[in-house]
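Below, each chain spelled out in residue letters.
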Amino acid sequence: MTDQLNQLRNDIKIRSAGSDSFELRAFVEEFASRLEDADVAYDIVSEPLQCRGPRGRVLSLLGYAEDATDASLTIIVGKYFDGEGTVTLGDANDIFGRGADFLQLAADGWLAENLEPSSREAEYADYFRHRLSSVARVRFLLITDGLMSERIRTIPNSIVADRPASYAIWDRNRILAAATPQTGDEAMHIDLTKWLPDGLQCLVAADGGSSTQSYLAVLPGRLLADVFEEYGSQLLESNVRTYLSARGAVNRGIQQTLAHKPEMFLAFNNGLTTTATDVELLTLRKGTFIRSIENWQIVNGGQTTASLVHYLRGDSKRSVDDVFVQMKLVTVSSENAAEVVADVSKYANSQNRVSAADLFSNHEFHVLMEQTSRRLRAPAREGEQYQTGWYYERSRGQWENDKVARGSAAEQKKFELEYPKVQRLVKTDWAKYAFSWGQRPHTVSKGAQTNFIEYAHQVVASWEKDPNQFGDAYFKNNVAKAILFNDLHKAVRESDWYGKGYLANIVAYGVAKLAHEIPRQFPGSRLNFDAIWARQSTSQTLLGAALVVAERAQEHLTDPRRKQANVTQWAKQEVCWTTFRDASVPLPRDLAIDLIDADTATSQASDDKKQRRMDSGFESIQRVLKIAPTIWEAVYSSSGAVRLSPMESDLVAGFGLRKGRIPTERQAAALLKALDRMAEGAVISKDAY
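Peer 1: Help me understand the overall build of the protein chain, please; the structure alone is not making it clear to me.
Peer 2: In terms of regular secondary structure, the protein chain is built from 28 helices and 20 strands. Here the contacts in the protein chain between residues at least 6 apart in sequence split such that 73% fall between residues at least 24 apart.

Peer 1: Is there a simple way to explain the nonpolar core in this structure?
Peer 2: Formed by 127 residues in total, the largest nonpolar core has its most connected members in Ile75, Phe128, Phe140, Phe365, Trp430 and Leu514. Here this core takes 11 residues from helix α19 (residues 472-494), the largest share from any one element. Those residues in contact with Phe140 that sit more than four places away from it in its chain are Ile75, Phe96, Gly99, Ala100, Leu103, Val160, Ala165, Ser166, Tyr167 and Ala168.

Peer 1: Help me understand the environment of Asn566 in this model?
Peer 2: Tracing the backbone shows Asn566 in the loop between α22 (540-557) and α23 (567-570). On the accessibility criterion, Asn566 (3% relative accessible area) is buried. Considering only alpha carbons, one finds Asn566 and Phe128, 438 residues apart in sequence, at a separation of 9.9 Å. Those residues in contact with Asn566, other than ones at most four positions away along the chain, are Glu123, Tyr124 and Tyr127. Among the polar contacts listed, one links the side chain of Asn566 to the backbone nitrogen of Thr568, at a separation of 3.1 Å. Among the polar contacts listed, one links the side chain of Asn566 to the backbone nitrogen of Gln569, at a separation of 2.9 Å.

Peer 1: I keep staring at helix α18 (residues 448-465) and nothing clicks. Help me out?
Peer 2: Helical geometry: 3.6 residues make up each α-helical turn, so side chains three or four residues apart lie on a common side. The end-to-end C-alpha distance of α18, which contains 18 residues, comes to 26 Å, matching closely the 26 Å that a straight helix rising 1.5 Å per residue would cover. Along α18, the residues that are buried comprise Gln449, Thr450, Asn451, Phe452, Ile453, Tyr455, Ala456, Val459, Val460 and Trp463.

Peer 1: When you look at the environment of Val585 in this model, what are you seeing that I'm missing?
Peer 2: For Val585, the position within the fold is in the loop between α24 (574-581) and β20 (595-597). Between the C-alpha atom of Val585 and that of Gln521, which follows or precedes it by 64 residues, the distance is 9.8 Å. In contact with Val585, other than residues within four places in its own chain, are Lys513, Glu517, Gln521, Val549 and Arg552.

Peer 1: I tried to follow the pattern of salt bridges on my own but got confused; where do I start?
Peer 2: For the structure on display, the rule yields 37 salt bridges. Notably, a salt bridge pairs Glu23 with Lys13, separated by 2.7 Å at the nearest N-O pair. With Glu23 in helix α2 (residues 23-37) and Lys13 in helix α1 (residues 2-16), the pair connects residues that are 10 residues apart, well separated along the chain. Overall, Glu23 belongs to the buried group, its relative accessible area being 8%. The exposure class of Lys13 is partly exposed, given its relative accessible area of 37%.

Peer 1: Just checking my understanding: could you explain the pairing of strand β3 (residues 72-79) for this structure?
Peer 2: A regular strand places its side chains so that they alternate between the two faces of the sheet. Burial analysis of β3 places six of its eight residues in the buried class, the great majority of the element. In terms of strand pairing, strand β2 (residues 58-67) meets β3 through five bridges, oriented antiparallel. Note on β3: the bridge partner recorded for Ala65 is Thr74. With antiparallel pairing between neighbouring strands as the criterion, β2 and β3 make up a hairpin whose turn holds four residues, including Ala71 at a positive phi of roughly 55 degrees. In this sheet, strand β5 (residues 137-144) lies alongside β3 in parallel orientation, the contact comprising eight bridges. Counterpart to Ile76 in the pairing with β5 is Leu141.

Peer 1: Can you help me understand unusual backbone geometry in this one?
Peer 2: In terms of backbone geometry, most residues other than glycine have negative phi values and most peptide bonds are trans. Phi at Ala71 is positive, roughly 55 degrees, even though this residue is not glycine. Mapped onto the elements of the fold, Ala71 is located in the loop between β2 and β3. Residue classification places Ala71 among the buried residues on the basis of a relative accessible area of 18%. One non-glycine residue, Gln536, lies in the positive phi region at around 60 degrees.

Peer 1: Would you explain the packing of aromatic side chains in this entry?
Peer 2: Centre distance and the angle of the planes are the two values used to describe a pair of aromatic rings. Taken as a whole and judged by the stated rule, the model has 28 aromatic pairs. Residues Phe435 and Tyr455 carry aromatic rings whose centres are separated by 5.7 Å and whose planes lie at 85 degrees to one another, so their mutual orientation is edge-to-face. Here Phe435 is found in helix α16 (residues 427-437), whereas its partner Tyr455 is found in helix α18, with 20 residues between them in sequence. For the pair Phe435 and Tyr455, a shared accessibility class is recorded, and that class is buried. Measuring from centroid to centroid gives 5.7 Å for Trp463 and Phe470, while their planes differ by 25 degrees, and the two rings are stacked. We note that Trp463, like Phe470, is buried. One aromatic cluster is present, formed by Phe365, Tyr392, Trp430, Phe435, Tyr455, Trp463, Phe470, Tyr474 and Phe475 through successive ring pairs. Over the ring of Phe81 we find Lys79; its NZ or CZ atom is 5.6 Å from the centre of that ring.

Peer 1: Hey, could you run me through the sheet that holds strand β8 (residues 163-170) in this one?
Peer 2: Sheet strands line up and pair through hydrogen bonds in the backbone, either parallel or antiparallel. Within the open sheet, the six strands sit side by side as β1-β2-β3-β5-β8-β7. Their pairing is mixed. The outermost strands of the open sheet, each flanked by one partner alone, are β1 (45-52) and β7 (158-160). Going from strand to strand, the sheet's axes swing by 35 degrees on average, the running direction of each strand aside. Where β1 meets β2, six bridges bridge the pair, whose relative direction is antiparallel. Bridging across to β2, Gln50 finds its partner in Ser60.

Calculation notes
Residues numbered from 1 in each chain as written. Predicted model: local features only at pLDDT ≥ 70, side-chain atom pairs only at ≥ 80, totals over all residues. Heavy atoms only, no water. Helix = DSSP H or I, 4+ residues; strand = E, 2+ residues; numbered from the N terminus. Contact = heavy atoms within 4.5 Å. Core = buried A, V, L, I, M, F, W, Y, C linked by side-chain atoms within 4.5 Å. Buried < 20%, exposed > 50% of the residue type's maximum accessible area, 1.4 Å probe, protein only. Polar contact = N/O pair within 3.5 Å; in protein donor to acceptor, adjacent residues only side chain to side chain. Expected span 1.5 Å × (residues − 1). Salt bridge = Lys/Arg side-chain N within 4 Å of Asp/Glu carboxyl O. Pairing = 2+ DSSP bridges. Phe/Tyr/Trp six-rings, centres within 6.5 Å; stacked < 30°, edge-to-face > 60°. Lys NZ or Arg CZ within 6 Å of the ring centre and 35° of its normal. Axes fitted to C-alpha atoms, helices over the stretch in contact; angles between N-to-C directions.

Below is the structure:
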């Protein structure tokens, strides 16, 4: 835990880049990132606010997040010690109270009447006052780099701004523990006897071996709605939750059935597929009952659940007493929970409208980016004597796990030199860099998860057209975009004209506008990403031009004539981008030194695709040669519904069963395609090849 704590503190220092005035925001951003990784909240806006309320009472909060899936508003409050410290119960009540009072006084209009109208605090008070009309519950999260006092047991729920409010503390131990991959946010124990005396009656279905067990049950609609009201979108598996948050949770067809034919809901609806790490069973003469569920996760049917709750919230007179929902529950062991839940989610969603992009975390694009990042080495920066790698983190905590796996302290230090923490590329940041340069800063401004799923749709569509476009040049170019984004981020923060707040929006808009203006003001030219990759830094000429554009971005975002008062929300609007996109922002002519001819860029992209095809063919051959003989034997002897064609049978006999023969690229591709069919038909495991 000591190493993890040191890493946490170091990560905060890296974010602040030595700026004392920025350290509080860096603390908030680091904890926000980790809370998002742990699926506690999505698209957190880091926005430290502080003002005075009635009788000089200090009001403060550090950020917020909204979740359309369960209509919740999360308010981040906290205490930054920058070292050792303990949050006592009195401290916690005071810190929570400052955030709750800010929200309450925003709701009743006191802040709007008493704050300077141009202040960020007034801006957000006005936003919360109007936003609360669509909020069903409020969650307060207290974050701290200190420790929570052992005397704090529970903090009771309350009512804030006429909404039910809950309170949770995330101290450094809890945030560090959350770095370990798991199935959900936190350990959730759901006692079904609160609604049903004996529990939920079920059928014990197929036994999947030592690690899985399946159950079938019919859930009362009221039970499902009540559990969702209590736990919110924590019940939803990460991919499903992101999908619903990005697209809205209400289904009109479900609403119609609930309103007019509730007794037919069971017949009309596909039901739920869920997972858990454990269940408590009760066996009686009348059947088997599930009394409690540990870490319950809905991996298919999230829209059904959210729509059911939405229906009840629409009118207090509504009832779902006649509504029942079928459910499949699969228990998974805690050791392989993350992997199995992801697979269950993937296959449970494969027959409905959730697309490959919505399950993008499992897409082969990520595997390729991971492999590329481990293979390529970036040129040494000026003055440095060694090359480093940009580490693409395909799954949560992968960088840290790989570091620890090196064993000794010396080997771990070597790993950090090889893959510096500042060169760790998490998926959501990768999407942010791509979409900022891709001229979608309004999408980037919607938050990491929302931006990521939109990026996923774009990548999946491009992948299906031609996966070979994602070669080494694609990886290097996106790393160059990351370097430009981060260099500009630091430069804006240190500039004389930058005030407070909206830094991420300013940088995203600045990068997007630069991308738009280069081909317009320098016809036939493109930014030379290869030069950025070669230097591993942004040239002073390019950075100077980007700063000019970023300053104009700040002026645009904070223009008093803007169409929406709240700057953060204004930045999310497409009209905000199109207005800025079309504005005149001259670039310095000496920027030409950082550009290349567009024809040259196109030729380089074509060469990279050709190289990727060659690499892909070689990788296919390598995969075929590594497959175990037992797999080929199982495939060759398959006599079920999935069989080999005569041509495939010849290939398996010639290259699978006979050792020493090497297939061509085309033959290897045909063999892998045959194996894909066999895996789909359950003749072999997908992991077998």
